[in-house]
Amino acid sequence: MAEEEEKGYRWETEYERTWEAIQEDEKGSLQASVDDIISKAKKRKLLEKIKNVRLGMMRHLFLIIDMSEAMSDQDLKPTRLLSTLKLLEYFVEEYFDQNPISQLGIIITKNKRAEKVSELGGNPRRHITTLQSLADKVCHGEPSLQNSLELAHQTLRHMPGHASREVLVVMGSLTTCDPDNIISTISMLRDGNVRCSVIGLAAEVCVCKKLCKETHGSYSVILDECHFKDLLTQHVTPPPATASTESSLIRMGFPHHQLSADKEERPSMCMCHLDSKNSQGFSSTGYFCPQCKSKYCELPIECKACGLTLVSAPHLARSYHHLFPLDQFREIPTAQVGSNVLCFSCQTAVQELNVYICDNCERIYCLDCDLFIHETLHSCPGCASSRQTQQSAKMAGFS
Amino acid sequence: MKLNIDGLLVYFPYDYIYPEQYMYMLELKKSLDAKGHCALEMPSGTGKTISLLSLIVAYMKANPLEVTKLIYCSRTVPELEKVVAELKNLMDYYEQQLGKGKPKILGLALSSRKNLCINPEVSQERDGKNVDALCHKLTASFVRANHKRDATVPVCSFYESYDAHGKEMPLPEGVYGLDELQEYGRKKGFCPYFLARHAITHANIVVYSYYYLLDPKIAEVVSKELSKNAVVVFDEAHNIDNVCIESMSIKITRRTLDKCQQNIDGLSKQIQRLKDCDAERLKTEYQKLVQGLRDANIARETDVILANPVLPDDVLKEAVPGNIRTAEHFLGFMKRFLEYMKIRLRVQHVVSESPPSFLKDCYQKVCIERKPLRFCAERLNSMMRTLELVEIHDFSALSLLCHFATLVSTYAKGFVLIIEPFDDRTPTISNPILHFSCMDASIAIKPVFDRFQTVVITSGTLSPLEMYPRILDFRPVTMATFTMTLARTCICPMVVSKGNDQVAMTSKYETREDVAVIRNYGNLLVEFCSIVPDGIVCFFTSYIYMESTVAAWYEQGILDQVQKHKLLFIETQDAAETSLALLNYQKACENGRGAVLLSVARGKVSEGIDFDHHFGRAVIMFGIPYVYTQSKILKARLEYLRDQYQIRENDFLTFDAMRHAAQCVGRALRGKTDYGIMVFADKRFARADKRSKIPRWIQEYLKDGLCNLSVDEAVQVSKRFLRQMAQPFSREDQLGLSLLTVEQLDQEDTKKKLQSRMQYV
């Protein structure tokens, strides 16, 4: 009951003008216009990908989550905070899936202060539990953009020059309560090569726009939950590297996971949990640095003892598709191909107006398969099914 | 781009053009062809200035005999600078397109000595009046004559060298803003102010303030020799009637009269001294006055100069009456008149009378006739010249009295005399004031309409247009209003008429003290503070109302809630304080803290300060800004308007209130990439008579569904609007819709579409 009262009754919450979001097309039908918008949006996102650009593959990203009073607003269901946390969980998973050799940390800001709730690290599970624990906390006070940026910068400053440094702010509040002039912080971030992006939950705030523009990040404001998710997904793919990022050859170690097959091996603390009070990380298994033999329980990580970057081979392979994305398929009207066209990958008759053809193997796909191939698979099944086309596709990728 | 406007080749310095600019030029061309006047309304931020300039310059180029001059009048110095910058841009484009063949155009800005003076000692003064006085001290003709005799008398070297060489050497063609004039002056060692004043007679484009044309005292000196074939543009002209009235009205207090007494004493001493040493000079003056002001009359008949309303035509034809011809007689005459005025100010109750009854009373009491009174202003001027007075500034009180005498005896109609024994707010303190108030705006502007072939009255908010020709008494050939073509709906006007508790919100006099109304207004502000980013500007109807409301909000704890989201700034009557508040307001908007500015319609903030982009994402009008209706002057004016022009009191009051409301909300939107919410928080705004007087470009988006909202509904609408507006918006989105290329302009269907953007009145 107590909880109910806090949220207020349904009829006390806001007016929703759902009918205004839908627009009729010329014939008075609703569905066509909506479909059109959706497919256009899907396609546009793909087209934005540019090939052969140097990307910052080793990302160090700090998520800054606003936990001020504005986040308890109910215009996202059930509240802005809960909705945000839910989407961020998805984002974290997706982030590590697409950027295996990257790291992430979480900062929250409320009551004019900033607090680091999760250190920079490569373990998605740890971040997700942190996010889940945030759901129980209360939102109050004003956020401080400056304090949280400074906090993020303190850590990011020490990251190596070849890695990309990024900050993503999810901001519900329209005000920020700062101790000092934020403009100087912005120029400090710009000089430190930190790319700051902001997702606003309510409206366009001038200072955020300025921050993003100065640091070459992107600024966007959500329309609704779906749009919010889309915007978050845009931050999953690595951004192009800035000219000032160093290019260097990196020494990497590929440690094997050693199980405690050897009976003589004694359990020991791993390096990543040395400071923790509980027994977490105390085991006989782990990854051992090939250079100095210090033990770690997760990869990828930078060896604390000798500074070697430790990754596993599949990690690197998974990042590969960002560098050599699959070519766009050609869009042609279905009628041109003939009647009753089957999609090569799902083997169903194509219903839409357009089909997509791979220029290399000349196989036909429907829109959904096209999207699946480009977003998830990153290789064309048609090309992969014969050796000849597979070779030529690979050559095209490297050229 | 090169445009074809109804057969006229117009060079337009941008690659794209807004549809409404094209229409605006078409209309302007029509009135230039017809050699008539016009009134045009086009939203701010759609490039009025450049459209005006490029069309008129092109017209001057094509018809060099018909239009020889453009006089562009604006209100403030920053606005002057903006016009000059646009003009430079246009001339650069001409140069780039035509090279050597570009039209030879001399354009220049003129402002007061304060903004132009380069004399190191004089320009240090901050106050405009002091600069004028110091300048006069160094440049008056008799001072310079003295300097020739005695080299220790200081003169201004810049003026000297200008006088020696500058007059023969015309300014080379080009565009001169205030800075360029100063620079040119420094280089050549000329005085930029006098250089500019001399140059406006042969310049093709003159940019200066309203007052140089409308205020008879200044127009007499500056603008009287401007050519007849000129186009006069009044930009931001929504308040032009008030400017006209102000320039003709006179206020006399007891202090003024005391100063007059001192002036007269001082003058009589001077005369005595002059009589002792140089009686000849007085004699020549007397001879001149017998001849009358014949020279001036000849000048006016040959149509060389602009008529001066303070110096009526028939005065020129007669000789100065005998009883004020000698200097002592004139002073005695003034003394008598002064005594009479002192008696008149000794009143216990408010007196309101017409000029004829004042004159009659004057004749009965002190035997002063109408005729000599009419010559007062001229007579005083002549005496000042004869006496070679240096400190003209010191005699301002006496010259004010003389102006009053001339005006009161010249105009039987259109003026009213109101003598108030005390201020309305402090009824116990005796502080008599005589208001000699002009009620007819057309008196001051009539010479302008009569003399120049085309007068353009334009502004972002001129609604309702049909009112202006009536109160200014002119016949326009075209009156049109243009809306803004927008690629996205970037304004969100709404009428919030009730609070969440359904209590109607209004600033009506009977209910404005109501706690529920004040609380609802407070709630509105708090809600908007929490959803609108960066800056919010609020306008109250008056300072008193703002003070009482803010005090009530403080007690109700509403201010605390506001300050959780934004910082609070308040406009006061003190200009320095207000500009400090504004500065900090802008700072708070910049650094993301957000701010609210509480200000007053008709105050300094509501006119002339732009709140573009993040400086004003929302404007809230708390109530309808009616003018203070109990004022005697206003009542007299309303009566006059009813009798003379058949304008009902209520119509005029609503018109006046709505134009100020439109001015206030228009502050937020200064261009097409900008966006803003406009909240009219008074249920009376939804009524047809008010709604129809909002400018068309706002009315268009004020749908019926947005006319009767509660606070909650308004918040929902605004939230959605703000989210949509925050989506990326690029130039490409505007192309073809609100930005056109030459090819697009030529298409048939765009032409049809364009027509719908405009409406004749």
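Only a predicted model underlies this, so the values are computations on that prediction, with no experimental measurement involved.

Definitions and cut-offs
- Residues numbered from 1 in each chain as written.
- Chains lettered and ligands numbered in written order.
- Predicted model: local features only at pLDDT ≥ 70, side-chain atom pairs only at ≥ 80, totals over all residues.
- Heavy atoms only, no water.
- Helix = DSSP H or I, 4+ residues; strand = E, 2+ residues; numbered from the N terminus.
- Rg over C-alpha atoms; globule rule 2.2 N^0.38 Å.
- Areas by Shrake-Rupley, 256 points an atom, 1.4 Å probe, with all protein chains shown as cover.
- Lys, Arg positive; Asp, Glu negative; His and termini not counted.
- Charge placed at Lys NZ, Arg CZ, Asp CG, Glu CD.
- Buried < 20%, exposed > 50% of the residue type's maximum accessible area, 1.4 Å probe, protein only.
- Contact = heavy atoms within 4.5 Å.
- Salt bridge = Lys/Arg side-chain N within 4 Å of Asp/Glu carboxyl O.
- Nonpolar A, V, L, I, M, F, W, Y, C, P; charged D, E, K, R; others polar.
- UniProt positions renumbered as here; feature names shortened; annotations may be inferred.
- Pairing = 2+ DSSP bridges.
- Core = buried A, V, L, I, M, F, W, Y, C linked by side-chain atoms within 4.5 Å.
- Axes fitted to C-alpha atoms, helices over the stretch in contact; angles between N-to-C directions.
- pLDDT = per-residue confidence, 0-100.
- Polar contact = N/O pair within 3.5 Å; in protein donor to acceptor, adjacent residues only side chain to side chain.
- Arc of directions from axis to C-beta.

A. Quick look at the overall build of chain B. Scanning chain B from terminus to terminus reveals 35 helices and 22 strands. Taking 2.2 N^0.38 as the reference for a compact globule, 761 residues should give roughly 27 Å; the C-alpha atoms of chain B span a radius of gyration of 28 Å, in line with that estimate. Seen through its C-alpha atoms, chain B measures out along the principal axes to roughly 85 × 70 × 50 Å. Summing over all exposed atoms, chain B offers an accessible surface of approximately 31300 Å²; the carbon and sulfur share of this is 50%. Once the 98 positive and 93 negative side-chain charges of chain B are each reduced to a mean point, those two points are 2 Å apart.

B. Spatial organisation of the overall build of chain A. Within chain A, the regular secondary structure consists of 13 helices and 17 strands. Across the 399 residues of chain A, 44% fall into the buried class. Look at the contacts in chain A between residues 6 or more apart in sequence, and 65% of them connect residues 24 or more apart. Summed over its atoms, the accessible surface of chain A is roughly 21500 Å², and 52% of this surface lies on carbon and sulfur atoms.

C. Structural context of the interface of chain A and chain B. The partner chain B presents 27 residues to the 27 residues of chain A that form the contact. On the surface where chain A and chain B come into contact, there are 4 salt bridges. Here arginine 617 of chain B ties to glutamate 204 of chain A by a salt bridge, and the two come within 3.2 Å at their closest N and O atoms. With 3 residues, helix H7 (residues 206-214) of chain A is the largest single contributor of residues to the side of chain A that touches chain B. Tallied by class, the residues present in the side of chain A that touches chain B amount to 13 nonpolar, 3 polar and 11 charged.

D. Quick peek at the UniProt feature "domain: VWFA" (unreviewed entry) in chain A. The positions UniProt marks with the feature "domain: VWFA" (unreviewed entry) are residues 60-201 of chain A. Along residues 60-201 of chain A one finds 37% helix and 27% strand; the C-alpha atoms at either end are 24 Å apart.

E. How the structure looks around the sheet that holds strand E17 (residues 364-365) of chain A. All names here are of chain A. Taking strand neighbours across the sheet as the criterion, the 3 strands line up as E15-E16-E17 in an open arrangement whose pairing is antiparallel. Among the strands making up the open sheet, the edge pair consists of strand E15 (330-333) and E17. Two elements, strand E16 (residues 354-357) and E17, share 2 bridges in a ladder whose sense is antiparallel. In the sheet register, tyrosine 356 faces E17, and the bridge partner there is tyrosine 365.

F. Representation of unusual backbone geometry. Cis rather than trans, the peptide bond between lysine 77 of chain A and proline 78 of chain A has omega equal to -5 degrees. The omega angle of the peptide bond from serine 463 of chain B to proline 464 of chain B is -10 degrees, so this bond is cis rather than trans. For proline 464 of chain B, the position within the fold is in the loop between strand E13 (454-459) and helix H23 (467-472). Here glutamine 502 of chain B, not a glycine, exhibits a phi torsion of approximately 70 degrees, which is positive.

G. The UniProt feature "zinc finger region: C4-type" (unreviewed entry) in chain A, seen in detail. UniProt's feature table lists "zinc finger region: C4-type" (unreviewed entry) at residues 289-306 of chain A, given in the numbering used throughout. Strand forms 22% of residues 289-306 of chain A and helix 0%; the C-alpha atoms that close the span are 9 Å apart.

H. The nonpolar core, seen in detail. Residue and element names in this part refer to chain B. Ranked by internal contacts, the top residues of the largest apolar core, which has 183 residues, are Tyr208, Phe234, Phe337 and Phe404. With sequence-adjacent residues up to four places away left out, tyrosine 208 is seen in contact with Ile71, Tyr72, Cys73, Ser74, Leu80, Leu110, Ile200, Leu213, Val222, Ser223 and Leu226. Membership of the second largest hydrophobic core comes to 115 residues, among which are Leu582, Ile694, Ile698 and Val715.

I. Region of interest: the pairing of strand E3 (residues 113-121) of chain A. Residues and elements named next belong to chain A. Of the strand pairs in this sheet, strand E2 (residues 103-110) and E3 are connected by 6 bridges, and their pairing is antiparallel. Each residue of the ladder has a partner; that of lysine 110, found in E3, is arginine 113. Taking the residues between adjacent antiparallel strands as the criterion, E2 and E3 are bridged by 2 residues, where asparagine 111 takes a positive phi near 55 degrees.

J. Inspection of the packing of helix H20 (residues 376-387) of chain B against helix H21 (residues 396-410) of chain B at higher detail. All names here are of chain B. Between H20 and H21, the shortest axis-to-axis distance is 7 Å and the interhelical angle comes to 145 degrees. Together, Cys376, Ala377 and Leu380 of H20 and Leu398, Ser399, Cys402, Ala405 and Thr406 of H21 make up the contact between the two elements. Class assignment for the residues of the contact of H20 with H21 results in 6 nonpolar, 2 polar and no charged.

K. Looking closely at the environment of histidine 565 of chain B. Mapped onto the elements of the fold, histidine 565 of chain B is located in helix H26 (residues 558-565). Its relative accessible area of 25% is what places histidine 565 of chain B among the partly exposed residues. As for histidine 565 of chain B and alanine 595 of chain B, which are separated by 30 residues in sequence, their C-alpha atoms are 8.1 Å apart. Among all residues touching histidine 565 of chain B, those that are not within four sequence positions of it are Thr175 of chain A together with Cys529, Ser530 and Arg593 of chain B.

L. Local environment of the sheet that holds strand E13 (residues 301-302) of chain A. Residue and element names in this part refer to chain A. Spatially, 3 strands are ordered E7-E14-E13 in an open sheet, and the strand pairing comes out mixed. Each end of this open sheet is capped by a strand with a single partner; those strands are strand E7 (252-253) and E13. The sheet contact formed by E7 and strand E14 (residues 309-310) spans 2 bridges and is parallel. Among the inter-strand pairings, methionine 252 is bridged to a residue of E14, identified as threonine 309.

M. How the structure looks around the confidence of the model for chain B. Per-residue pLDDT for chain B has a mean of 86; in total, 96% of the residues score no lower than 70. What the predictor reports for the complex is a pTM of 0.85 with an ipTM of 0.85.

N. Representation of the side chain of threonine 481 of chain B in the model. Residue and element names in this part refer to chain B. Structurally, the position occupied by threonine 481 is in strand E14 (residues 476-482). Exposure remark for threonine 481: the relative accessible area of 6% places this residue in the buried category. At 2.7 Å, the side chain of threonine 481 and the side chain of glutamate 41 are in polar contact. Those residues in contact with threonine 481, other than ones at most four positions away along the chain, are Glu41, Leu465, Arg696, Arg757, Met758, Gln759 and Val761.

O. Fine view of the pattern of salt bridges. All told, the structure shown has 43 salt bridges over all chains when counted by the stated rule. Here arginine 723 of chain B and aspartate 75 of chain A are joined by a salt bridge, their closest N and O atoms 2.7 Å apart. Separated into two different chains, arginine 723 of chain B in helix H32 (residues 711-725) and aspartate 75 of chain A in the loop between strand E1 (59-66) and helix H3 (80-98) make up a pair that spans both. Taken individually, arginine 723 of chain B and aspartate 75 of chain A each receive the classification buried, so the pair is uniform in this respect. Between glutamate 353 of chain B and arginine 344 of chain B there is a salt bridge, with the nearest N and O atoms lying 2.6 Å from each other. When salt bridges that share partners are traced, they join Asp73, Asp75 and Arg80 of chain A together with Lys719 and Arg723 of chain B into one network.

P. Examining helix H6 (residues 182-191) of chain A more closely. Residue and element names in this part refer to chain A. All of the buried residues along H6 are Ile182, Thr185, Ile186 and Leu189. Projected onto a plane normal to the axis of H6, the buried residues spread over an arc of 100 degrees and lie on a single side. Two or three places before isoleucine 183, at the opening of H6, asparagine 181 has a side-chain oxygen 3.2 Å from that residue's backbone nitrogen. Following H6 by one or two positions, asparagine 193 has its phi on the positive side, about 60 degrees.

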